[in-house]
2 protein chains.
Amino acid sequence: MKMIRNEDLPSHEECAGSLKNVLDALYVLNGKWKMALILCLVQSSKRFNEIQHEITGISSKVLAKELKDLELNDFIKRNVYPTTPVSIIYEATEYSRTLKNVIGELSAWGEQHRERIKQSMRKQS
Amino acid sequence: MKMIRNEDLPSHEECAGSLKNVLDALYVLNGKWKMALILCLVQSSKRFNEIQHEITGISSKVLAKELKDLELNDFIKRNVYPTTPVSIIYEATEYSRTLKNVIGELSAWGEQHRERIKQSMRKQS
DNA sequence: GTAACCGCTTTCCTTTAGGTAAGTACTGAC
DNA sequence: GTCAGTACTTACCTAAAGGAAAGCGGTTAC
């Protein structure tokens, strides 16, 4: 008797669509900082040092790299104003605002997750 | 005259809360595969090889590691059934279902993002 | 016996992420 | 001149992610 092979069952095709979507989304939103940076700039446009001050822990090297990456993917815009000295203001694009729901859900989940972790720490002690 | 310093403006405190939430969420959901694996198992419980077949591209080493990690964080449960040979079935926990909205939004966004990329490719050619 | 399947583990290796620290080119204040 | 601030870049390094391929201990099929 042969084993029932996975290929015989149709279930994985139902799954494949949203799976691919999630993988595609994560491809551009990968890494530790991208979502946080988008959230930060959606709330208000900011300068390099302001961002670095707000996202505590990020180094200037990584911040510069992530900003370039986000600009390439059309999530943010780098505006140079000819003041003296020049001001460089990063702002979120319309496109980055399409991530509003994703980031909103993530934030809500993160909040309750932190609470859950705190609870389980209390039980252990 | 002194420059206006960022600290003088209250805006960053409004931002800090949700920023921290997002960072906390990403801390447990980091990496290329975790969200996809959770989605895969929320749709139905599966065996090791079934998962590896569905999530194309993941190696057995990485899959084993990610499954352990997800089990530690209470997102999935590893059930061993004493059949001959033993069946090992991974299933999503109730807690992983709290990510439903996050993953749903991510999937929806990923889908429209892929469409957008396709559009921009057409324009360039 | 031999081969194949299951659920991994092990080894080896390359790539990437990310951190530290220093430096640079400019301007303005003192 | 010197110091501070802005917006980075560069060089160096470590740690983690992740891939390829083989192995392993068991069972079942032929």
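Residues numbered from 1 in each chain as written. Chains lettered and ligands numbered in written order. Predicted model: local features only at pLDDT ≥ 70, side-chain atom pairs only at ≥ 80, totals over all residues.

(A) Main features of the environment of Ile38 of chain A. Residue and element names in this part refer to chain A. Structurally, Ile38 can be placed in helix H2 (residues 34-43). On the basis of neighbour counts, which here come to 25 C-beta atoms within 10 Å, the residue Ile38 falls in the buried class. The spatial distance from the C-alpha of Ile38 to the C-alpha of Phe75 is 7.3 Å, given a sequence separation of 37 residues. Leaving out residues up to four positions away in the same chain, Ile38 has contacts with Leu70, Phe75, Ala92, Ser96, Leu99 and Ile103. (Helix = DSSP H or I, 4+ residues; strand = E, 2+ residues; numbered from the N terminus. Buried ≥ 20, exposed ≤ 12 C-beta atoms within 10 Å, placed from the backbone. Contact = placed C-beta atoms within 7 Å.)

(B) Just the protein's contact with DNA strand D, in detail. Of all residues adjacent to DNA strand D, which total 22 residues, the nearest are Ser60, Lys61 and Ala64 of chain A together with Lys32 and Thr84 of chain B. Of all the secondary structure elements, the ones that give two or more residues to the surface near DNA strand D are helix H3 (48-54), helix H4 (60-72) and strand E3 (87-92) of chain A together with helix H4 (60-72) of chain B. Broken down by class, the residue content of the surface near DNA strand D amounts to 10 nonpolar, 8 polar and 4 charged. (Near = placed C-beta within 6 Å. Nonpolar A, V, L, I, M, F, W, Y, C, P; charged D, E, K, R; others polar.)

(C) Representation of the protein's contact with DNA strand C within the structure. Residues in close proximity to DNA strand C total 20 residues, the closest being Lys32, Ser59 and Thr84 of chain A together with Lys61 and Ala64 of chain B. Those elements that provide at least two residues to the surface near DNA strand C are H4 of chain A together with helix H3 (48-54), H4 and strand E3 (87-92) of chain B. Looking at the surface near DNA strand C, its residues break down into 8 nonpolar, 8 polar and 4 charged.

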